[in-house]
There are 2 protein chains.
Amino acid sequence: MVTSTKTTERRHKLRLELIDAGETILDKQGLNALTARAVASTVGCSVGAIYNVFEDIDGLIIAVNSRTLAKLDQKISSFVPGGSCGLEPEDCLNELAVAYCRFAIEHTNAWSALFEHGERISRQIPDWHMDEHVHLVGHIVKSLRQLQPAISDEESWQLAGLLFSAVHGVVSLGLQGFFFAVPQRKLEAQVALLVRATLAGLRLN
Amino acid sequence: MVTSTKTTERRHKLRLELIDAGETILDKQGLNALTARAVASTVGCSVGAIYNVFEDIDGLIIAVNSRTLAKLDQKISSFVPGGSCGLEPEDCLNELAVAYCRFAIEHTNAWSALFEHGERISRQIPDWHMDEHVHLVGHIVKSLRQLQPAISDEESWQLAGLLFSAVHGVVSLGLQGFFFAVPQRKLEAQVALLVRATLAGLRLN
């Protein structure tokens, strides 16, 4: 079984190299540049070798997106009520939104790929990757439940989706520089204003 | 000068035919399918003939987008305070948002091209086209000014941009079917909830 273990190890090493290369290409040049050819050329392997590790190029992109989600999680996971940030639930939601905004500004290509890829992929996204998204939205849900303990499970996820989508709209139009969107220098303040106003209007503060 | 008039007329006719063709292609197949080759083939002219009428393919796309904005304006322009809808300013804003949502659902490709094209065009967008966008956001501004007469010009446009971007985020993620976004069947109700809550939170109702 020595050979088999060696094969597994080699494949694992190649997998990490391919994800590293994909991450660098995405970061510098955006999702359209993240092709099998570009990744193979960076790593110095054949295009075919990629398909010994990933089912298709979408599999590699999902692996890179998964890293982006992990980085985002690292930036925002302390903003949960009772967590290390020591903030009240409303302030947690505010900080979550501002941190999301900051992450999008700092890692625009990687952040933008999370949505672009979701839009263009035709095959099923694996459950483990869906779970990573659910985990992130779960941070919003935790604060909403603290603000309104009587809220139902369905309502809290629905409201979390609404808040997320609204903040995402402000951030994404702002970063695209769409002319009547919020200008980038005001994004953080405006996102915070939106979250506070919406929570107040919903009487969740 | 008879010949010159004829030339002008012929060019005007071709212009309308090209926009019609572009509109149909965009509507059925989306922005990526709206190429000079596809439009020329539909109209039955040479690709070169397009460039006697439009500076470049972006010029044709802008003309098609301009039609989309006019259609959108037709759907929403009655929702202004004191207008034919007879609604109060807060209800105007609500109806504006719901009408925007409905338009995006009914004309997804055309609506989506307004943003996709803005993102990929590299040359300057002509002022007359920018003015069309400003005109649309102006509908939001009118209601905000009625709700809060003391609001400054800058604040009212800023707030209009924030409201628009938030609603746009909910609509666009919902239509993309991004998994934790608002599901399409709930879009109109959720958009209305967001607008009411935000206005209430900003004490604008």
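The structure under discussion appears in the preceding block.
Keep in mind it's a predicted model, so treat the numbers as computed, not measured.

(A) Region of interest: the nonpolar core. Residues Leu144(A), Val171(A), Leu144(B) and Val171(B) are the most contacted members of the largest nonpolar core, which totals 86 residues. The contact partners of Leu144(B), leaving out residues within four places of it in the chain, are Leu93(B), Ile151(B), Ser156(B), Leu159(B), Ala160(B), Leu163(B), Leu199(B) and Leu204(B).

(B) Inspection of the interface of chain A and chain B at higher detail. With 33 residues of chain A in contact, the opposing surface of chain B contributes 33 residues. With both sides pooled, the region where chain A packs onto chain B buries about 3200 Å², and carbon together with sulfur makes up 77% of that total. Among the residues of chain A in contact with chain B, Leu162(A), Phe179(A) and Phe180(A) are the three that bury the most area, contributing 20% of the side total. Inspection of the chain A/chain B interface yields 2 salt bridges. Lys186(A) is the salt-bridge partner of Glu154(B), the closest N and O atoms lying 3.4 Å from each other. In this assembly, chain A and chain B are joined by 5 residue pairs in polar contact (both at pLDDT 80 or more). Listing elements by their share of the side of chain A that touches chain B, those giving two or more residues are helix H6 (108–120), helix H7 (127–147), helix H8 (153–176) and helix H9 (187–201) of chain A. Here the element with the most residues in the side of chain A that touches chain B is H8(A); it accounts for 12 residues. Across the side of chain A that touches chain B, the residue classes tally to 19 nonpolar, 11 polar and 3 charged.

(C) Quick peek at the packing of aromatic side chains. Following the criterion strictly, the structure yields 10 aromatic pairs over all chains and no others. Relative to Phe178(B), the ring of Phe115(A) has its centre 4.8 Å away and its plane inclined at 35 degrees; by these criteria the two rings are tilted. Of this pair, Phe115(A) sits in helix H6 while Phe178(B) sits in the loop between helix H8 (153–176) and helix H9 (187–201), on two different chains. Assessed through its relative accessible area of 7%, Phe178(B) is described here as buried. Here the aromatic cluster, defined as three or more aromatic residues joined through ring pairs, consists of Tyr100(A), Trp111(A), Phe115(A), Phe164(A) and Phe178(B).

(D) Looking closely at the relation of the copies chain A and chain B. Overlaying chain A with chain B gives an RMSD of 0.0 Å, the required rotation being 180 degrees about an axis along which the chain moves by 0.0 Å. When the rotation and shift are considered jointly, the pair of chain copies conforms to a two-fold rotation axis. Interface overlap between copies: 100% of the residues of chain A at the interface are likewise at the interface in chain B, consistent with a symmetric, same-surface contact.

Rules used throughout
- Residue numbers here run from 1 along each chain, matching the order of that chain's written sequence.
- Just so you know, chain letters begin at A and ligand numbers begin at 1, following the order they were written in.
- In view of the model being predicted, local features appear only for residues whose pLDDT reaches at least 70, and side-chain atom pairs are presented and counted only at 80 or more, with totals across whole chains, interfaces and linings using the full set of residues.
- Side-chain metrics rest on all non-hydrogen atoms present in the structure, leaving aside hydrogens and water.
- Grouping buried Ala, Val, Leu, Ile, Met, Phe, Trp, Tyr and Cys residues that are joined through side-chain atoms within 4.5 Å yields what is termed a nonpolar core.
- For each residue, the accessible area found with a 1.4 Å probe, counting protein chains only, is set against the maximum for its type, and the residue is called buried under 20%, exposed over 50%, and partly exposed in between.
- Residues count as neighbours in contact if any of their non-hydrogen atoms are within 4.5 Å of one another.
- Computed with a 1.4 Å rolling probe, the buried area is the accessible surface lost when two parts are put together, summed over both parts.
- Whenever a carboxyl oxygen of Asp or Glu lies within 4 Å of a side-chain nitrogen of Lys or Arg, that contact is scored as a salt bridge.
- Whenever two N or O atoms come within 3.5 Å, that pair is a polar contact, provided that in protein one can donate a hydrogen and the other can accept it, and provided that, for residues adjacent in sequence, both atoms are side-chain atoms.
- Put simply, DSSP marks the helices as runs of H or I at least four residues long and the strands as runs of E at least two long, and each gets a number from the N terminus on.
- All residues other than Ala, Val, Leu, Ile, Met, Phe, Trp, Tyr, Cys, Pro, Asp, Glu, Lys and Arg, Gly among them, are scored as polar; the first ten of these are nonpolar and the last four charged.
- Any two rings among Phe, Tyr and Trp, with Trp reduced to its six-membered ring, count as a pair given centres within 6.5 Å; such a pair is stacked if its planes are under 30 degrees apart, edge-to-face if over 60, and tilted if neither.
- Least-squares fitting of one copy onto the other uses the C-alpha atoms of those residues that reach a pLDDT of at least 70 in both copies.

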